[in-house]
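Summary of structural features
Read off the chains here:
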Amino acid sequence: MTAVQDIVGAEHVLTDPDITQSFGTDWTRAWSAQPLAVVRPADTDQTAQVLMACKKFGVPVVPQGGNTGLVGGGIPHRDNEAIVLSMTRLQHLGTVDRATQTVDVGAGVSLARLQAHASAAGFAYAVDLAARDSATVGGMIATNAGGLRVVGLGDTRQQVMGIEAVLVDGSILRRLEPLAKDNGGYNLSQLMTGSEGTLGVITAARLRLVRAPGTQYVTFIGLADVESAVSLVADARARGDLTAAELIRSEGMKVVRQVCGLAQPLKAEHRVYLLLETAELPELPDDVDAVVDPRMWEYRDRQAEAVATLGIPFKLDVCLPINSIAAFLTELDTLPDTQGREVHVYAHLGDGNLHINLLDIDVEMADRLDEQVLTLVARYGGSIAAEHGVGVHKTKWLHLSRSSAEIATMQAIKDTLDPAGLLNPGVLLP
Ligand SMILES: Cc1cc2nc3c(=O)[nH]c(=O)nc-3n(C[C@H](O)[C@H](O)[C@H](O)COP(=O)(O)OP(=O)(O)OC[C@H]3O[C@@H](n4cnc5c(N)ncnc54)[C@H](O)[C@@H]3O)c2cc1C
């Protein structure tokens, strides 16, 4: 540890287990291991030096941002085996470049801080998600975070113009110029995007901004079935002003109201609830039970938090062709290990992205549920990892979404950039 203390300063190498434990436990509390130490570099050069020291001594490194990931990707997996490289001190926020509508940002900046910075300059950052106060730019790029406005404004990948990242040997890839066109070879920034800390450590990024939104209508609608919700999403999409389309099932509505003390927002209870965010008021049938109110976001934003207060949730984040979602959900509710249980599903419906949550699931049942649900997803032509990543949770099931040629190519890239397998071992690849 002396080598890294000399690089970042002794006060930025944390070894007291009472302090480091939280860095070794993920947001859901489903995964936990004691880090060897938590190392907090101040900048890119210190990050490079720490990586060189870890390579020299053969110490595995787990990059970490806000630790809000939900697939066990940002924490070590065996006690006292790896250091956590916490990137939260990289807090640089550049001046917004109005001509190119971009900004350069340090990896440790939280989403909320980036959003406020963009807003102060009259712009907006397109990606938004409920963990905005803690999730960092580095973590969001590493997971290619999606969130609430993908249907209108795209995912993180679409906002990344370039990144700065450090490889395990300490070399620095830097592409932070605001160039609209740049076809000189492979796009390494996009290779790092979604690589879950397995190829390099992201230290900064050049991100696109969008025009600040004008008036947005948030319409919360109670419906009898998912088919009706999908049909309303298709209508809103056709009008071209849809920025969010979120779904909550009755179980989730019940829990969020109970745990967060929220009032019944509609005249009656329904089987599904759809939240639409649009620039114009959506056209709805006359007899529909709906309310237009921006505060309805709270019912959706607090779903993950509400279910996590009831216990350690078993979570799956999957993507399906949107027209198959109703049929998929019918089958989901009748799988051998879901039957008779409350299956909490909330969704970025516009993207076909479902978050499936169950409670009181032991290790064996979790494995069976992974197999049953993810095989079903594959049968419907979906993806087993929509926006949270593969992490450690789904490495075993990657073959359901990716061909053996694709997995072999990913492994070859990993072996080239990180031959000793020191960066985030056990994550993403089987
Ligand atoms: C309440 C709640 C709501 C959420 N909603 C959404 C949602 O709507 N959409 C969505 O996509 N996600 C969502 N998430 C998941 C999570 O917020 C995202 O995955 C986010 O991108 C993680 O950012 P982080 O900084 O917390 O990363 P961490 O959790 O710290 O790390 C996540 C992964 O990125 C790697 N990593 C972190 N920083 C770096 C870096 N600088 N360089 C290289 N690798 C790095 C880690 O090793 C790990 O593999 C939600 C989480 C919570 C708790």
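Per chain, residues are indexed from 1 in the order of the written sequence. Two thresholds apply to this predicted model, a pLDDT of at least 70 for residue-level local features and 80 or more for giving and counting side-chain atom pairs, whereas whole-chain, interface and lining totals are computed over all residues. Side-chain numbers here rest on the full set of heavy atoms in the structure, without hydrogens or water.

Another aspect to go through is the pairing of strand S11 (residues 217-223). Each regular strand carries side chains that alternate between the two faces of the sheet. Throughout, exposure labels follow a simple rule: accessible area from a 1.4 Å probe, protein chains only, divided by the maximum for the residue type, with under 20% read as buried, over 50% as exposed, and the rest as partly exposed. Strands here mean DSSP runs of E at least two residues long; helices mean DSSP runs of H or I at least four residues long; both are numbered from the N terminus. Of all the seven residues making up S11, six are buried; the element is thus mostly covered by neighbouring parts of the structure. As paired strands, S11 and strand S13 (residues 272-278) are joined by seven bridges and run antiparallel to one another. Note on S13: the bridge partner recorded for Ile221 is Leu274. DSSP-based pairing: two strands are paired if at least 2 bridges between them are found. Where S11 and strand S14 (residues 289-292) come together, four bridges link them in antiparallel fashion. Within S14, the residue paired with Thr219 across the bridge is Val292.

Further remarks concern the nonpolar core. Across soluble globular proteins, nonpolar side chains show a tendency to be buried alongside one another. Nonpolar core, defined: a set of buried Ala, Val, Leu, Ile, Met, Phe, Trp, Tyr and Cys residues in which side-chain atoms within 4.5 Å join the residues together. Counting residues in each nonpolar core, the largest one holds 44 residues, and the members touching the most others are Leu274, Phe328, Leu332, Leu354, Ile356 and Val373. If one sorts the elements of this core by residue count, helix H13 (residues 363-379) sits on top with seven residues. The criterion used for residue contact is that any of the two residues' heavy atoms lie within 4.5 Å. Residue contacts for Ile356: discarding those within four places in its chain leaves Phe314, Lys315, Leu316, Val318, Phe328, Leu332, Val343, His344, Val345 and Val373. Counting residues in hydrophobic clusters, the runner-up holds 28 residues, among them Val105, Phe123, Leu199 and Ile202.

Before going further, it helps to spend a moment on the domain arrangement of the protein. Segmenting the protein into domains produces domain 1 (2-86), domain 2 (102-211) and domain 3 (217-379). With five residues of domain 1 in contact, the opposing surface of domain 3 contributes seven residues. Of the roughly 470 Å² buried between domain 1 and domain 3, counting both surfaces, carbon and sulfur atoms make up 72%. Buried area is calculated as the accessible area (1.4 Å probe) missing from two parts once they are joined, with the contributions of both summed. Three residues stand out in domain 1 for area buried against domain 3, namely Trp27, Thr28 and Arg29, and they jointly supply 78% of the buried area on that side. The salt bridge definition used is simple: a Lys or Arg side-chain nitrogen within 4 Å of an Asp or Glu carboxyl oxygen. There are zero salt bridges connecting domain 1 and domain 3. Here a polar contact means two N or O atoms within 3.5 Å. Within protein one must be a hydrogen donor candidate and the other an acceptor candidate, and residues neighboring in sequence count only if both atoms are side-chain atoms. Inspection of the domain 1/domain 3 interface yields two residue pairs in polar contact (both at pLDDT 80 or more). Amino acids are sorted into nonpolar (Ala, Val, Leu, Ile, Met, Phe, Trp, Tyr, Cys and Pro), charged (Asp, Glu, Lys and Arg) and polar (every other residue, Gly among them). Considering only residue class, the side of domain 1 that touches domain 3 consists of three nonpolar, one polar and one charged. Note: domain ranges come from an automatic or database domain assignment.

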